[in-house]
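Listed below, chain by chain, are the residues.
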Amino acid sequence: MAKFSRDASTGLFVGVRDFPRDQLLEVPYACDDAVDLAYRFVVNQRVALLPPRRVVLAISGSPQKEESKQRLRELGLAGVRIVRNVSTDVILDLLKEQSARAGREGLFVLSLASHGFQQNGDAYILGSTSEFGSPGTALRAATIFDVAAQASRSLIFIDACRDRVHQGTRGAAPEPGAAAPHIRRMNGVLGQVIFYAAAPGEYAFDDPVHQNGVFTKAVLDGLNCEASAPRGTVLVDTLHTYVDRE
């Protein structure tokens, strides 16, 4: 049986709001998404699965809402490593580093909030210096999943479009103690779970009221035990059901 260790777990939370090469690509709440999810996994006592000094927050731009700005400060003070202006090369290097650190006994949590597109059957995620519709400047989703699989357990959240049309933004409407139950239940569990905001060819949307991606807001609410929690624990299946419904 493979044991689970919180102390061996790692996280990488990526939010790409700003694209210097094309300001029209701005994803308004991508940094808020990355910060809020990192905060939930590091600080929130209902989850608290990741030690702060084993977590990287990689962002391009800054969060918009005051709550997320305060959380960003708290995460930095707690020891979370903060990396700014993240290109695809930087994201890939951090991905390799953090997934390898998790090893066999840890959990690797990855979240990506950015632009995305679908081309020739492959999904791609943009870094800050990427060009929309250019696979050579973007990260192939299959590569992300393969690298993340270095960890024996990986939990991946992607809030990005898989739009086949080379235009628009993610927001474009067509137009310690509390973590103990999770830790016990993860002994003997191995594998990779991927939550993706959009099906191939579809959009991911932004929520201007809550200032998060719609998908990320549903994940945050689900982790806050709004998803069904058998015996006090939110499971992958119950989180999926909740996020899909929301």
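Computed from a predicted structure; not experimentally measured. Per chain, residues are indexed from 1 in the order of the written sequence. Residues qualify for local features only when their pLDDT is at least 70, as the model is predicted, and side-chain atom pairs are given and counted only at 80 or more; totals for whole chains, interfaces and linings, by contrast, use all residues. Working from all heavy atoms in the structure, the side-chain values ignore hydrogens and water.

Undergrad: Honestly, the confidence of the model for the chain in this entry has me stumped. Any pointers?
TA: A low pLDDT means the predicted coordinates there should not be read in detail. Scored from 0 to 100, pLDDT reflects the predictor's confidence in each residue. Averaged over all residues, the pLDDT of the chain equals 84, while 84% of them reach at least 70. Within the chain, the element-level pLDDT minimum falls on helix α5 (residues 180-186), averaging 45, and the maximum on strand β2 (residues 55-60), averaging 98. Scored below 50 in pLDDT, residues 165-184 makes 51 contacts in the model with residues more than four places away or belonging to other chains. In this text, helices come from DSSP runs of H or I with a minimum length of four residues, and strands from runs of E with a minimum of two, each type numbered from the N-terminal end. Whether two residues are in contact is decided by their heavy atoms, any of which lying within 4.5 Å being enough.

Undergrad: I'm lost on the side chain of Ser-152 in this one. Help?
TA: Structurally, Ser-152 is set in the loop between α4 (141-148) and β8 (153-159). Burial classes follow relative accessibility: with a 1.4 Å probe on protein chains only, a residue under 20% of its type's maximum area counts as buried, one over 50% as exposed, and anything between as partly exposed. Residue Ser-152 is classed as buried on the basis of its relative accessible area of 16%.

Undergrad: Whenever I open this one, the packing of helix α3 (residues 88-102) against α4 confuses me. Can you help?
TA: Angle between the axes and distance between the axes are the two parameters that describe a pair of packed helices. Every axis corresponds to a line fitted to the C-alpha atoms, with the helix fit spanning only the stretch in contact, and the corresponding angles, defined between N-to-C directions, vary from 0 to 180 degrees. At their nearest, the axes of α3 and α4 sit 9 Å apart, and the two run at 25 degrees to each other. Here α4 runs roughly parallel to α3, going by the angle between their axes. For the pair α3 and α4, contact is made by Leu-92, Leu-95, Lys-96 and Ser-99 and by Thr-143, Ile-144, Val-147 and Ala-148, respectively. For this scheme, ten residues count as nonpolar: Ala, Val, Leu, Ile, Met, Phe, Trp, Tyr, Cys and Pro. Four count as charged, namely Asp, Glu, Lys and Arg, and the remainder, Gly too, count as polar. Class assignment for the residues of the contact of α3 with α4 results in five nonpolar, two polar and one charged. If an angle is under 35 degrees, it is roughly parallel; if it is over 145, roughly antiparallel; if it lies from 65 to 115, roughly perpendicular; otherwise it is oblique.

Undergrad: Can you walk me through the layout of surface pockets in this structure?
TA: In this approach a probe as big as a water molecule rolls over the atoms, and the regions it shows empty are the leftover space. Within this scheme a cavity is a closed region of a 1 Å grid, computed over the protein atoms alone, that accommodates a 1.4 Å probe without allowing it to escape, whereas a pocket is open but has protein on both sides within 12 Å along at least five of seven lines; lining residues each have an atom within 4 Å of a point. Grid points are joined across faces, edges and corners, and a volume is the space filled by probe spheres set on the points. One number sums up the size of the second largest pocket: a volume of about 300 Å³. Looking at the second largest pocket, it is lined by 15 residues, and the ones nearest its centre are Tyr-196, Ala-197, Phe-215, Val-243 and Asp-244. Looking at side-chain class alone, the lining of the second largest pocket contains 11 nonpolar, one polar and three charged residues.

Undergrad: Whenever I open this one, unusual backbone geometry confuses me. Can you help?
TA: Excluding glycine, residues mostly have negative phi values, and the peptide bonds linking residues are mostly trans. Backbone geometry at Asn-120 places phi at a positive 50 degrees, although glycine is not the residue there. Given the relative accessible area of 76%, Asn-120 is considered exposed. Despite not being glycine, Gln-211 shows a phi value in the positive range, around 60 degrees. On the basis of relative accessible area, Gln-211 is assigned to the partly exposed category, the value being 23%.

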